[in-house]
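Survey of secondary and tertiary structure
Spelled out from the first residue to the last, the chains are:
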Amino acid sequence: MRYWWVNQNQTYRHEQAGGYLWSPKKKANRARNPYYETMREVSPGDLVLCFQGTYIRAVGVAQSHCYECPKPLEFGTVGAYWDRVGWRVDVHYVPLRNAVRPKDHMGVLRPELPARYAPLLADGRGVQTIYLTEVPYTLMQAIAGLVGSELQDLMRMNRAAEPLKDLSAGVALWEEHLRREIDENPKLDDTEREQLILARRGQGRFKDNVRRIEHACRITGVDRVEHLRASHIKPWRDAADDERLAGENGLLLTPSIDHLFDRGFISFEDGGRLLISPVAHRESLARMGVPVDAPFHVGAFSEGQRTFLDFHRDAVFLERRGTGR
């Protein structure tokens, strides 16, 4: 279990009502923000302290890993900003009966603040440039001592053992919106429309194009076409129409490996080395046929595949990065 601090001054009400954390992937100028990148490190069962209006008002229990999701319209009402894709973590929020104002307790908290990426200034004010940052265990203990049993009990519980939320509905809704856009695009003829929709499930012309380059699952070695999916490297939901059909934007993978790749639990270096996310459940990966105990190479990729893999590592893979912890 890890501990996190989120500053929710403007989004507290909407994220609480919707049961999530949401951040852009990058700043408005397209530069990386380390406090958005930390979203990729959250795991089910982690605890999140919710800071709003100078108080720690709630604690959240992460219910999912991070995943791609459009920005919710008005942060919680029906619909979404379909063209503004960011990171989402589903969260179960527990409002605190004893909301704590850190500014009143800095004699206790100040010695436990980390030297880097601290969520509070020395005088107890929140650092507003931070969205999500990690809380060291000693600082979490000190805060729990102030809040009392409602936070202390959560720290003792094995929340990760609870059933996890199924994310497929949210992603399916997003992809259904994109499918309707294809259906309504007057610039496409019926054949192109059909092939773009089939590509969503790794079928049709897209799979034929991938099979001209790939011949077996890169990890399991399965080569029977009926057991393989044509998996987009740059996900169908993120890709332009030409990329959705491009053979070099695909790999042939078994269904389990396709799931891991699409959700960012695995990726590949340009040279073919398998990358395993530090937040992935390694025992489950091993049962799915992923070699987790030693370096594993899957062979060379084409120049086009390497371009798409760069996108996958940058925008899909759940890697610990940004703050460097």
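Residues numbered from 1 in each chain as written. Predicted model: local features only at pLDDT ≥ 70, side-chain atom pairs only at ≥ 80, totals over all residues. Heavy atoms only, no water.

1. Focus on the confidence of the model for the protein chain
Where we set the bar: Confidence of the predictor in every single residue is expressed as pLDDT, which spans 0 to 100. Counting from the N terminus, the helices are the DSSP runs of H or I reaching at least four residues and the strands are the DSSP runs of E reaching at least two.
When the pLDDT values of the protein chain are averaged, the result is 88; 90% of them are 70 or greater. Across the protein chain, the element-wise mean pLDDT spans from 78 in helix H6 (residues 168-183) up to 98 in strand E10 (residues 266-268).

2. Details of the nonpolar core
As a reminder, the rule being used: Only buried Ala, Val, Leu, Ile, Met, Phe, Trp, Tyr and Cys residues count toward a nonpolar core, and they belong to the same one when joined by side-chain atoms within 4.5 Å. Three exposure classes are used, based on accessible area relative to the maximum for each residue type with a 1.4 Å probe and protein chains only: buried under 20%, partly exposed in between, and exposed over 50%.
By size, the foremost hydrophobic cluster in this structure holds 57 residues, and its most contacted members are Leu21, Leu132 and Phe268. Per-element tally for this core: the top contributor is strand E6 (residues 80-100), with four residues.

3. A short note on the packing of helix H4 (residues 137-147) against helix H5 (residues 149-156)
The geometry of a pair of packed helices is captured by two quantities: the angle between their axes and the separation between those axes. Our working rule: Here an axis means a line fitted to C-alpha atoms, over the contact stretch when the element is a helix, while the angle between two N-to-C directions is reported on a 0 to 180 degree scale. Should an angle fall under 35 degrees it is taken as roughly parallel, and over 145 as roughly antiparallel, whereas 65 to 115 is taken as roughly perpendicular and any remaining angle as oblique. Whether two residues are in contact is decided by their heavy atoms, any of which lying within 4.5 Å being enough. Put simply, Ala, Val, Leu, Ile, Met, Phe, Trp, Tyr, Cys and Pro go in the nonpolar bin, Asp, Glu, Lys and Arg in the charged bin, and everything else, Gly too, in the polar bin.
Look at H4 against H5: their axes get within 7 Å of each other, and the N-to-C directions meet at 140°. Comparing their axes, H5 and H4 come out oblique. Residues Tyr137, Met140, Gln141, Ile143, Ala144, Gly145 and Val147 of H4 pack against Ser149, Glu150, Leu151, Gln152 and Met155 of H5. Of the residues in the contact of H4 with H5, the class split is seven nonpolar, four polar and one charged.

4. What about the packing of aromatic side chains?
The condition is simple: Two rings from Phe, Tyr or Trp (for Trp, the six-membered ring) form a pair when their centres are within 6.5 Å of each other. A pair whose planes differ by under 30 degrees is stacked, one over 60 is edge-to-face, and the rest are tilted.
As enumerated under the stated definition, the model contains six aromatic pairs in all. Arranged with centres 6.1 Å apart and planes meeting at 75°, the rings of Tyr35 and Tyr117 form a pair that is edge-to-face. Note that Tyr35 is positioned in helix H2 (residues 34-37) and Tyr117 in the loop between helix H3 (106-109) and strand E7 (132-134), a separation of 82 residues in sequence. Like Tyr35, the residue Tyr117 is buried in the burial classification. On the numbers, 6.5 Å between centres and 65° between planes, the contact of Tyr36 with Tyr131 is edge-to-face. Placement of the pair is Tyr36 in helix H2 and Tyr131 in the loop between H3 and E7, with a sequence separation of 95 residues. Tyr131 shares its class with Tyr36; the two are buried. A connected cluster of aromatic rings, assembled from ring pairs, spans Phe261, Phe268 and Phe301.

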